[in-house]
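Listed here are the chains, written in short residue letters.
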Amino acid sequence: MAPFHSQLRILFIAHFKMMLLFTNEVAIVTGASSGIGAEVASKLAELGIGKLCLTGRQLDSLNQTKQSCISKSNGKLTEDDITNVIGNLSDEATCKKIVDKTIESFGQVDILINNAGMIKLGPLESCPIEDFDQLMNVNVRSMLVLSKLCIPHLRKTKGSIVNMGSVYGMQPFADAGYHCMSKAAVHMFTQCLALELAVDGIRVNCVNPGLIRTNILTRELMTDQEFDKLLEDGKRQHPLGRSGEPEDVAKAVAFLASKKASFITGNITPVDGGRNLMCPR
Ligand SMILES: NC(=O)c1ccc[n+]([C@@H]2O[C@H](COP(=O)([O-])OP(=O)(O)OC[C@H]3O[C@@H](n4cnc5c(N)ncnc54)[C@H](OP(=O)(O)O)[C@@H]3O)[C@@H](O)[C@H]2O)c1
């Protein structure tokens, strides 16, 4: 019989394996250089993913995410298991490069996380119509192009897609028409594609974050102080009494992407502390 400490080690390993959601799946995560996407990549690594293709526009930030994935993977992932693709997702050539490089490097695609996105706010009267085109290109069109390219590969693996929606896609907000429309389009796209691909055993779901602590709003829309004030207001706006952290969203994305969600498709999943249930009184 093995000594007590070896038995403990075997038990620990068995317990650890039970907690993993993945075995050797290959996942693509867009917008992995920042915020929610970076956390999703690390969470997939922590939960046993086999290989990752990480995309974004900032090489240094993508490399940081890569290192974080390696260190979260409990020794499973090495530099060779993670590839990066730098480029603007509005450009179809970038989407093609992402899928080509994943297949070249790892031979298959099991999971596509369409996370990358941007925000533009302001009243219709003063918002340039070019902002609408840019939002729709990044938040919606790039998802369509990437999904289209991945479908033949996902069909082989009976894989899954998770799209990043928003509470903005469920509720109307003043001065946010372009953004709300882009996220509502993501919801409808998710549900249509889920029906279309169910016959192939490919699942398609969507996650809707409330206000999450990332850089999205401080990139160009507000100062750090204004964002701090928004987080403070978020305590009232989210019934659970706080705004969200990227990890709150990453956990939901990982579950929906995994085989543990094998009977869930076309689901629009709020991860917003109940915010979508609120109405002004
Ligand atoms: N934070 C929130 O409160 C919140 C709430 C609801 C929904 N969401 C959604 O969550 C997703 C992630 O947002 P986040 O909060 O994590 O924002 P973030 O920190 O600003 O990260 C956005 C990511 O998308 C990438 N990206 C943006 N435009 C791109 C483009 N044209 N081409 C290629 N990559 C592009 C960025 O790449 P680079 O940094 O390398 O340029 C970055 O990796 C978005 O779809 C957003 O709408 C966020």
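About the thresholds
Residues numbered from 1 in each chain as written. Predicted model: local features only at pLDDT ≥ 70, side-chain atom pairs only at ≥ 80, totals over all residues. Heavy atoms only, no water. 1 Å grid on protein atoms, 1.4 Å probe; cavity = no way out; pocket = protein on both sides within 12 Å on 5 of 7 lines; lining within 4 Å. Points joined across faces, edges and corners; volume = space filled by probe spheres on them. Salt bridge = Lys/Arg side-chain N within 4 Å of Asp/Glu carboxyl O. Helix = DSSP H or I, 4+ residues; strand = E, 2+ residues; numbered from the N terminus. Buried < 20%, exposed > 50% of the residue type's maximum accessible area, 1.4 Å probe, protein only. Expected span 1.5 Å × (residues − 1). Contact = heavy atoms within 4.5 Å. Near = heavy atom within 4 Å. Polar contact = N/O pair within 3.5 Å; in protein donor to acceptor, adjacent residues only side chain to side chain. Areas by Shrake-Rupley, 256 points an atom, 1.4 Å probe, with all protein chains shown as cover. Nonpolar A, V, L, I, M, F, W, Y, C, P; charged D, E, K, R; others polar. Pairing = 2+ DSSP bridges. Core = buried A, V, L, I, M, F, W, Y, C linked by side-chain atoms within 4.5 Å. Phe/Tyr/Trp six-rings, centres within 6.5 Å; stacked < 30°, edge-to-face > 60°.

1. Observations concerning empty space enclosed by the protein
Under the defined criterion, the tally for this structure stands at one cavity of 30 Å³ or more. One number sums up the size of the largest cavity: a volume of about 30 Å³. Lining the largest cavity, in full, are Thr-30, Leu-89, Asn-114, Asn-115, Ala-116, Ser-142, Met-143 and Leu-146.

2. Things to note about the pattern of salt bridges
Opposite charge on two side chains allows them to pair when their charged atoms are near. Tallied over the entire structure, the rule returns 14 salt bridges. The partner of Lys-66 in a salt bridge is Glu-79, and the shortest N-O contact between them spans 3.6 Å. Taken as a pair, Lys-66 in helix H3 (residues 59-72) and Glu-79 in the loop between H3 and strand E3 (82-86) lie far apart in primary sequence, 13 residues in all. On the accessibility criterion, Lys-66 (11% relative accessible area) is buried. Overall, Glu-79 belongs to the partly exposed group, its relative accessible area being 42%.

3. Overview of helix H6 (residues 177-197)
The terminal C-alpha atoms of H6 lie 30 Å apart, and with 21 residues this matches the ideal 30 Å at 1.5 Å per residue to within 8%. Among all positions of H6, only Tyr-178, His-179, Cys-180, Ser-182, Lys-183, Val-186, His-187, Phe-189, Thr-190, Leu-193, Ala-194 and Leu-197 are buried. In the core, the buried residues of H6 are packed alongside helix H5 (129-157), strand E5 (160-164), strand E6 (203-209) and strand E7 (268-271).

4. Remarks on the site of the ligand
Close contacts around the ligand come from 28 residues, with Ser-33, Ser-34, Arg-57, Thr-214 and Arg-219 the closest. With respect to the ligand, the backbone of Leu-89 contributes an N or O atom lying 2.9 Å from a nitrogen atom. Separating an oxygen atom of the ligand from a backbone N or O atom of Asn-115 is a distance of 2.8 Å. Within the complex, 96% of the 890 Å² of free accessible area of the ligand lies under protein. Residue composition of the shell around the ligand, by class: ten nonpolar, 15 polar and three charged.

5. Points about the pairing of strand E1 (residues 26-29)
By the alternation rule, side chains of E1 split into Val-26 and Ile-28 and Ala-27 and Val-29, which are all buried. As defined by bridge partners, E1 adjoins strand E4 (residues 111-114) across three bridges and the pair is classed as parallel. In the strand pairing of E4, Val-29 is matched with Ile-113.

6. Digging into the nonpolar core
Membership of the largest hydrophobic core comes to 34 residues, with the highest contact counts inside it found for Leu-44, Leu-52, Ile-113 and Val-207. Elements with a minimum of two residues in this core: E1, helix H2 (35-46), strand E2 (51-56), H3, E4, E5 and helix H8 (246-257). Ranked by the residues each element gives to this core, the list is headed by H8, at seven residues. Once you skip the residues sitting within four places of it in the chain, Val-207 turns out to touch Val-162, Asn-163, Met-164, Gly-165, Ser-166, Val-249, Ala-252, Val-253, Leu-256, Thr-269 and Val-271.

7. Focus on the environment of Thr-190
With respect to the helices and strands, the residue Thr-190 is situated in helix H6. In sequence terms Thr-190 and Gly-37 are 153 residues apart; their C-alpha atoms lie 18 Å from each other. Not counting residues within four places of it along the chain, the set of residues in contact with Thr-190 comprises Asn-163, Val-204, Asn-205, Cys-206 and Ile-268. Here Asn-163 takes part through its side chain, which lies 3.0 Å from a polar atom of the side chain of Thr-190.

8. Topic: the side chain of Ser-147
In this structure, Ser-147 sits in helix H5. If we skip the residues at most four places from it in the chain, Ser-147 touches Leu-112, Asn-114, Ile-161, Phe-189 and Leu-193.

9. Some remarks on the packing of aromatic side chains
With the rule as written, the count across this model stands at two aromatic pairs. Geometrically, the ring pair formed by Phe-132 and Tyr-178 is edge-to-face, given 5.4 Å between the ring centres and 65° between the ring planes. With Phe-132 in helix H5 and Tyr-178 in helix H6, the pair connects residues that are 46 residues apart, well separated along the chain. Classification of Tyr-178 by relative accessible area gives buried; the value is 9%. Centroid distance Tyr-168 to Phe-173: 4.6 Å. Interplanar angle 35°. Geometry classified as tilted. Classification of Tyr-168 by relative accessible area gives partly exposed; the value is 22%.

10. Remarks on the environment of Arg-213
Examined against the element boundaries, Arg-213 turns out to sit in the loop between E6 and helix H7 (224-237). Distance in space between the C-alpha atoms of Arg-213 and Lys-101 is 31 Å, their sequence separation being 112 residues. Residues contacting Arg-213, with those up to four places away along its chain left out, are Phe-227, Leu-231, Gly-244, Glu-245 and Pro-246. Side chain to side chain, Arg-213 and Glu-245 meet in a polar contact 3.0 Å long.

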